[in-house]
Amino acid sequence: WGEKRGGRGGGAAPAPRAKEKAKMSIVDAMYDSSVTFKEALEHLAEDNGLLLLPKAGKSQAGKQVYTLGKVSVYLDNRLVYASEAGVWKPMALDDLLKKAQK
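Residues numbered from 1 in each chain as written. Predicted model: local features only at pLDDT ≥ 70, side-chain atom pairs only at ≥ 80, totals over all residues. Heavy atoms only, no water.

**Here's the deal with the overall build of the chain**
To keep it simple, the criterion reads: Helix and strand definitions here come from DSSP, where helices need a minimum of 4 consecutive H or I residues and strands a minimum of 2 consecutive E residues; each element is numbered from the N-terminal end. Three exposure classes are used, based on accessible area relative to the maximum for each residue type with a 1.4 Å probe and protein chains only: buried under 20%, partly exposed in between, and exposed over 50%. For this analysis, residues touch if any pair of their heavy atoms sits within 4.5 Å. Only the protein chains shown count as cover for residues, with accessible areas throughout obtained via the Shrake-Rupley method and a probe of 1.4 Å.
For the chain, the helix and strand inventory stands at five helices and five strands. For the chain, the N- to C-terminal ordering of α and β elements is α-α-α-α-β-β-β-β-β-α. Counting every position in the chain, which comprises 102 residues, the buried fraction comes to 26%. Within the chain, residue pairs in contact and separated by at least 24 positions form 25% of the contacts whose partners lie at least 6 positions apart. About 7,100 Å² of surface is accessible on the chain, with carbon and sulfur atoms providing 53% of the total.

Here it is as structure tokens:
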């Protein structure tokens, strides 16, 4: 009976933490040092039916360029820069999601 109550030791503990990370809002993730800004943005993208994919061989300001839906972006210092008509500028995440989903 002790085995049923006690479980199998520490094996079950990491799973809830992984689920918490997956459901973490981007705001929470920004304050969680175990989650990178890129990972937080990937989760946000997935939550909105989008993928954050690297563009092979593309960089801007020395940073990897990604495709987020229909938008080219790069990340720098916890800011997302989006290309609009060839001009890179910081973009709010809600505006970015709207543009990416068009």
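This is not the end of the story, as more comes after the structure.
**So, the sheet that holds strand S2 (residues 63-68)**
Selection criterion: In short, DSSP must find at least two bridges between two strands for them to pair. For helices, the axis comes from a line fit to the C-alpha atoms of the stretch in contact; other axes are also lines fit to C-alpha atoms, and the angle between any two N-to-C directions lies between 0 and 180 degrees.
Strand order in this open sheet of five strands is S1-S2-S3-S4-S5, and the pairing throughout is antiparallel. Both edges of this open sheet fall to strand S1 (52-60) and strand S5 (87-90), since each of them pairs with a single strand only. For this sheet the average axis-to-axis angle between neighbouring strands, irrespective of direction, equals 35°. Across four bridges, the pairing between S2 and strand S3 (residues 71-76) is antiparallel. Residue pairing for S3: Val 65 is matched across the bridge by Tyr 74.

**Structural notes on the packing of aromatic side chains**
Note the following rule: Only Phe, Tyr and Trp rings are paired, with Trp represented by its six-membered ring, and only when their centres lie within 6.5 Å; those with planes under 30 degrees apart are stacked, over 60 edge-to-face, the remainder tilted.
Enumeration over the complete set of coordinates arrives at two aromatic pairs. Here the aromatic rings of Tyr 74 and Tyr 81 are separated by 4.8 Å at their centres, their planes lie at 5°, and the arrangement is stacked. The buried category is assigned to Tyr 74, whose relative accessible area is 7%.

**Section: the pairing of S1**
With five bridges connecting them, S1 and S2 associate as antiparallel partners. Of the residues in S2, the one forming a bridge with Gln 60 is Lys 63. Turn length for the S1-S2 hairpin, with the two strands adjacent in sequence and antiparallel, is two residues, and the turn residue Ala 61 shows positive phi of about 55°.

**Considering the nonpolar core**
Selection rule: Throughout this description, the term nonpolar core refers to a set of buried Ala, Val, Leu, Ile, Met, Phe, Trp, Tyr and Cys residues connected via side-chain atoms within 4.5 Å.
Judged by nonpolar contacts, the single largest core of 17 residues is most densely connected at Leu 68, Val 73, Val 80 and Leu 96. Elements that contribute at least two residues to this core include exactly helix H4 (37-47), S2, S3, strand S4 (79-84) and helix H5 (93-101). It is H4 that provides the largest number of residues to this core, a total of four residues. Beyond its immediate chain neighbours, meaning those up to four positions away, Leu 96 contacts Leu 68, Val 71, Val 73, Val 80, Ala 82 and Met 91.

Honestly, that's just the spatial picture; any functional story needs more than this.
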